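Here are the chains, one letter per residue:
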Amino acid sequence: MWSGANRAAEEFYAGLLQEFDEKKKGICKDPFIYEADIQVQLISKGQPNPLKNILHENETIFIVEKVPLEKEEPSHIEELQSEDTAISDLSTGENVWLLALPIGRARQLIGFYTMAHNPNMTHLKINRPVTALPPLWVRCDGSDPEGISWLGAELISTSSNITGIVLYMVTCKVDKNYSVNLEDLKKSHKKRHHLSALTAGGFAQYELFKSTALDDTVAASQTTITLDISWSPVDEILQTPPLSSTATLNIKVESGEPRGPLSQLHRELKFLLVLADGLRTGVTEWPEPLEAKSAVELVQEFLNELNKLNEFGDSTKKDTETVKHDAAAVDGSVECLLTVRGDLDFAEQLWCKMSSSVISYQDLVKCFSLVIQSLQRGAVQPWLHSGSNSLLSKLIHQSYYGTMDTVSLSGTVPVQMLLEIGLDKLKKDYICFFIGQELASLNHLEYFISPSVDTQEQVHRVQKLHHILEIVVSCMLFIKPQHELLFSLTQSCIKYYEQNPLDEQHIFQLPVRPTAVKDLYQNEKPQKWRVEINSGQKKVKTVWQLSDSPPVDHLSFHRPDFSELTLNGSLEERLSFTSMVTCSQVHFK
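Residues numbered from 1 in each chain as written. Predicted model: local features only at pLDDT ≥ 70, side-chain atom pairs only at ≥ 80, totals over all residues. Heavy atoms only, no water.

Residues and numbers for the overall build of the chain, please.
For the chain, the helix and strand inventory stands at 16 helices and 13 strands. Going through the 589 residues of the chain one by one, you find that 47% of them count as buried. Excluding contacts between residues fewer than 6 apart, the proportion of contacts in the chain whose partners are at least 24 apart in sequence is 70%. (Helix = DSSP H or I, 4+ residues; strand = E, 2+ residues; numbered from the N terminus. Buried < 20%, exposed > 50% of the residue type's maximum accessible area, 1.4 Å probe, protein only. Contact = heavy atoms within 4.5 Å.)

So what about the packing of aromatic side chains? Which residues, and what values?
Within this structure, the stated rule accounts for 16 aromatic pairs. Ring geometry for Phe-271 versus Trp-286: centroids 6.3 Å apart, planes at 45°, classification tilted. Of this pair, Phe-271 sits in helix α5 (residues 263-281) while Trp-286 sits in the loop between α5 and α6 (295-312), and the two are 15 residues apart along the sequence. Judged by relative accessible area, Phe-271 falls into the buried class, the value being 1%. Given the relative accessible area of 22%, Trp-286 is considered partly exposed. Among the aromatic side chains, those forming a connected cluster through ring pairs are Phe-12, Tyr-34 and Phe-112. (Phe/Tyr/Trp six-rings, centres within 6.5 Å; stacked < 30°, edge-to-face > 60°.)

An account of the environment of Ala-9 is needed here, citing residue identities and associated values.
Mapped onto the fold, Ala-9 is located in helix α1 (residues 2-24). Its relative accessible area of 0% is what places Ala-9 among the buried residues. Residues Ala-9 and Met-115 lie 106 residues apart in sequence; the distance between their C-alpha atoms is 6.7 Å. Apart from residues no more than four positions distant in its own chain, Ala-9 is found in contact with Phe-112, Met-115 and Ala-116.

Please set out the pattern of salt bridges residue by residue, giving values where relevant.
The tally for this structure, following the rule as stated, stands at 11 salt bridges. Its salt-bridge partner being Glu-457, residue Arg-461 comes within 2.9 Å of it at the nearest N-O pair. Taken as a pair, Arg-461 and Glu-457 lie in helix α13 (residues 455-478) at a separation of four residues, close to a single helical turn. Look at Glu-457 and you get partly exposed, because its relative accessible area is 25%. Linking Arg-513 and Glu-484 is a salt bridge whose minimum nitrogen-to-oxygen distance equals 3.8 Å. Here the residue Arg-513 occupies a position in the loop between β10 (508-512) and α15 (514-521), and Glu-484 occupies one in helix α14 (residues 483-499), the gap between them amounting to 29 residues. (Salt bridge = Lys/Arg side-chain N within 4 Å of Asp/Glu carboxyl O.)

Could you give me a rundown of the pairing of strand β3 (residues 61-66), with the residues and numbers involved?
Counting buried residues along β3, five of its six residues qualify, which places the element largely inside the surrounding structure. Where strand β2 (residues 38-43) meets β3, six bridges bridge the pair, whose relative direction is antiparallel. Bridge assignment links Leu-42 to a residue of β3, and that residue is Phe-62. Alignment of β3 against strand β4 (residues 136-139), held across three bridges, turns out to be parallel. By the bridge assignment for β4, Ile-63 is matched with Trp-137. (Pairing = 2+ DSSP bridges.)

Can you tell me about the nonpolar core, naming the residues and giving the values?
Of all hydrophobic cores here, the largest spans 94 residues; its most connected members are Leu-227, Leu-249, Leu-350, Phe-434 and Val-531. No other element matches helix α11 (residues 413-436), which puts 11 residues into this core. Discounting chain neighbours no more than four positions away, the residues touching Val-531 are Leu-182, Leu-185, Ala-200, Gly-201, Val-234, Ile-237, Thr-542, Val-543 and Trp-544. By size, the runner-up hydrophobic cluster in this structure holds 36 residues, among which are Leu-16, Phe-32, Ala-116 and Val-138. (Core = buried A, V, L, I, M, F, W, Y, C linked by side-chain atoms within 4.5 Å.)

Pulling in residues and values, what's your account of the pairing of β2?
Summarising burial for β2: five of the six residues are buried, a large majority. With three bridges connecting them, strand β1 (residues 32-34) and β2 associate as antiparallel partners. Its bridge partner being in β2, Ile-33 is matched across the sheet by Gln-39. In sequence, β1 turns back onto β2 through a hairpin of three residues, with Glu-35 there showing a positive phi of about 50°.

Lay out α15 with the relevant residues and their values.
Residues of α15 that are buried include every one of Pro-514, Val-517 and Tyr-521, and no others. Viewed end-on, α15 has its buried residues packed into an arc of 85°, placing them on one side of the element. Buried residues belonging to α15 abut β7 (199-210), β8 (224-231), β9 (246-252) and β10. (Arc of directions from axis to C-beta.)

Kindly report on the state of the cysteines, identifying the contributing residues and their values.
By definition, a disulfide links two cysteine residues through a covalent bond between their sulfur atoms. Throughout the structure, instances matching the rule amount to zero disulfides. Just so you know, Cys-475 is unpaired, no disulfide at all, and the nearest cysteine sulfur is the one on Cys-493, 8.0 Å from it. For Cys-475, a relative accessible area of 1% translates into the label buried. Residue Cys-493 is classed as buried on the basis of its relative accessible area, which comes to 0%. (Disulfide = S-S within 2.5 Å.)

Account for the packing of α5 against α13, naming residues and giving values.
Packing of α5 against α13 brings their axes to within 10 Å, and their N-to-C directions diverge by 160°. Between α5 and α13, the crossing angle belongs to the class labelled roughly antiparallel. The crossing of α5 and α13 is left-handed. Facing Leu-265, His-266, Leu-269, Leu-272, Leu-273, Ala-276, Leu-279 and Arg-280 of α5, the residues of α13 in contact are Gln-456, Val-459, Val-462, Gln-463, His-466, Leu-469 and Glu-470. Across the contact of α5 with α13, the residue classes tally to nine nonpolar, four polar and two charged. (Axes fitted to C-alpha atoms, helices over the stretch in contact; angles between N-to-C directions. Parallel < 35°, antiparallel > 145°, perpendicular 65-115°, else oblique. Left-handed = near helix turned anticlockwise from the far one by under 90°. Nonpolar A, V, L, I, M, F, W, Y, C, P; charged D, E, K, R; others polar.)

Which residues make up helix α8 (residues 346-355), and what values do they have?
Since one α-helical turn is 3.6 residues long, residues separated by three or four positions face the same way. Extensive coverage of α8 is indicated by the burial of 10 of its 10 residues. Here α8 has its buried residues at Phe-346, Ala-347, Glu-348, Gln-349, Leu-350, Trp-351, Cys-352, Lys-353, Met-354 and Ser-355. Where α8 begins, the capping side chain belongs to Asp-345, and its oxygen is found 3.2 Å from the backbone nitrogen of Ala-347. (Polar contact = N/O pair within 3.5 Å; in protein donor to acceptor, adjacent residues only side chain to side chain.)

Quick rundown of the side chain of Ser-399? Include the residues and the values.
Its location among the elements puts Ser-399 in helix α10 (residues 391-399). For Ser-399, a relative accessible area of 14% translates into the label buried. Reaching out from Ser-399, the side chain makes a polar contact with the backbone oxygen of Ile-396 at a distance of 2.5 Å. Setting aside its immediate chain neighbours within four residues, Ser-399 contacts Leu-375 and Met-404.

Right, dumping it as structure tokens:
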């Protein structure tokens, strides 16, 4: 019996150590399989962490769970779901519940991890000194009387020795009528750990904004803005965070919200990306047009209007009127936030016409043929902003002097011409906003608007600049922060994107003073409230948490009795979830 346990501990430790060493070397691999039915994966800092809803730490950990079923027959899945363990609609993730282990198996694996690190287990065939591995957490199925959802183990070590281990237990449940007293939690912690002095730290998270679906056919965007607040000491359960707390805004924004004020600008960006992809791959997937008239008709009408205005010598006035008409797509309800540009030049207005109507390569050729012919005849003498290096702007400047280069509208030339004027237009849009709102200077934006890199890289940088704009405008709309905070957010985003690729799943964190955001949370109910009691040792703690969503993704939570719900009360409004983290400390002598 003992020899079997020893071998199992040796094998388990060897697998963990290999996974740990390969991760340090930057070798990416699938989770390692232990005894055919168990998988272990090492989650590094910054990666999605299934414990994030319970423990606030963001450190490297091992997650142990069942090997996922590759393909289960529906009938077999139904057999697995008894009436008592049926998956509730509240659970998240597809079949995540199948990853949880029975409590006996989980304790066995925690035991192997403990044995391997115990310096007194010298009979084990493990190289000494033992390498201290990251904490180990095992998913549990909650089938025991206590309803345990996680078991964890974390080493206690000095600079050279492993001196002990902390064993964690997490329980979760639906608890509409929770009753817990802070003093009772403190007494329980003192009794368990035989300690007298302790501290209680609080954490609250407020959901300031979360995007919702338009309807059943359009999924909600992933835009969320939350406020995390930490403080100490805690005076009572569900205490409102004091103004002396530490607060952080967490902002994740997905571009392209169809109801947002930037929807038109985002569509122009998407069209720009279509052109860039077409140049790169040789295949252009043209989007559906917004205009009823064809691109050729719109461009011809545009040129005719300019020709008439040119005859009367009043082209500037008409240009401005056309601009205001083209910019009317910006949502008027937030016109105070976004200054509608009234200075689009000829090339920018041409971009607005063509980006909303071109549906083929032939459209491009015909439209640019019309433009070049008008320039050659002198029928139009359009004005341009300075600083553009596009092919079209060069031709326009040449037309002022009656001599123009011959341009062959074949191959990639028409696509490149439209892409260039689109880049110029969008860059100027972003510059206008950030400088107009006093959130950045030209020097701050230099990386994003520089023409010194190749076209594909320019498009990539403009895409990042658009995401910064989406982040800033989302905050302006939904939390209405002071200018100082918006400036700090803009600068933080700029610094991030100067060094990182586009990532719309990235959560931008911005420290804020609670006094600056007190109106956003003081009269609101937090979506998560937590108290952590410890005695000066970070690893030895008792945690109690209340949340409005399931804190564990691999357990089913039974619905309450629907007869208790009022006509005006929804399931979401009535449900509360409590979770408890307790621990015990074992010293290796």
